[in-house]
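Each chain, letter by letter, is given below.
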Amino acid sequence: MPPAYPEPMDMWFDRVTPDGSETRLQRELVAEVPVAIEINGLGYAVMMATPTDLADFAVGFVAAERLGTVAEVETHAAGRGVILRVTLTDPAAVIERVRHRTTDSSCGLCGIDNLEAALRPLPPVQGKSAAGPDALFRAAAALRDHQPLTRVTGAAHAAALCSAEGAIRLVREDVGRHNAFDKLIGAMTRQGLEWDGGFALISARCSFELVEKAVLAGCPLLAAISAPTALAAERAKDAGLALVALVRPDALLRLVA
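Let us look at the structure shown here. (Residues numbered from 1 in each chain as written. Predicted model: local features only at pLDDT ≥ 70, side-chain atom pairs only at ≥ 80, totals over all residues. Heavy atoms only, no water.)

1. Some words on unusual backbone geometry
A positive phi is found at Asp53, a non-glycine position, where the angle reads about 50 degrees. Along the chain, Asp53 turns up in the loop between strand E4 (42-49) and helix H1 (54-65). A positive phi angle is found at Asp196, which is not glycine, with a value near 50 degrees. Mapped onto the elements, Asp196 comes out in the loop between helix H6 (177-191) and strand E9 (199-202). Looking at Asp196, the relative accessible area reads 57%, which means it is exposed. (Helix = DSSP H or I, 4+ residues; strand = E, 2+ residues; numbered from the N terminus. Buried < 20%, exposed > 50% of the residue type's maximum accessible area, 1.4 Å probe, protein only.)

2. Brief notes about the pattern of salt bridges
By the definition in use, this model includes 10 salt bridges. One salt bridge connects Asp250 with Arg15, and the closest N-O pair in it is separated by 3.8 Å. With Asp250 in the loop between strand E11 (242-248) and strand E12 (251-255) and Arg15 in strand E1 (residues 9-16), the pair connects residues that are 235 residues apart, well separated along the chain. Overall, Asp250 belongs to the partly exposed group, its relative accessible area being 48%. On the accessibility criterion, Arg15 (32% relative accessible area) is partly exposed. Between Lys183 and Asp174 there is a salt bridge; the shortest N-O distance is 2.7 Å. By relative accessible area, Lys183 is classed as partly exposed at 37%. Given a relative accessible area of 13%, Asp174 falls into the buried group. (Salt bridge = Lys/Arg side-chain N within 4 Å of Asp/Glu carboxyl O.)

Such coordinate-based values are descriptive only and should not be taken to indicate function.
See the structure below:
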């Protein structure tokens, strides 16, 4: 019998329109779980992924990492995550890579070699945002004007610090959505900026890693242009992070706490 994995999760949202009307609805959110990749008995990485077609994921991951040829993939459910045990025909490359591995992207989980650490508790969010729906609509409508790299290339994500009134105070861009948010938080730290009752707006889907970054940065409200994953919504609720998704000109979805 194959291992059981988390199914997509239904969560309640308030759909808010610019005229102030609200409708409560359920929305199915895609599953996202930590997947620990072990290669020839060595812990290699923990990735956040949708728990489908994981053997394919393992083979593709090994190919992208240039580690060699996969002889076998075993999939094991482990608590709230999954362990992929990969056997290579020649383990020499993975042994060398583990010895000298570098971080290739700012996903927030690289180098964590156990599933428990990936889902360790987050500290509670202390601050509150004073931003209402009007501010969220206003910031979303203005965001593209603050994305010069995106206007030129059409291939970058943005993370913005927004005031409680919806004015965009600071934006950082990057080809990676995680990197853009890290850049924003770093810029705020270097410039001595606080959230001041405002919020963060990201031009991407809201995954677990972005929720974690927001919470650890003390962000009181995270708004995303696209939908969150099930784990992102769950972790936001646990930490007391206000989460708003699918911010579009005609409506937004506010996660019910």
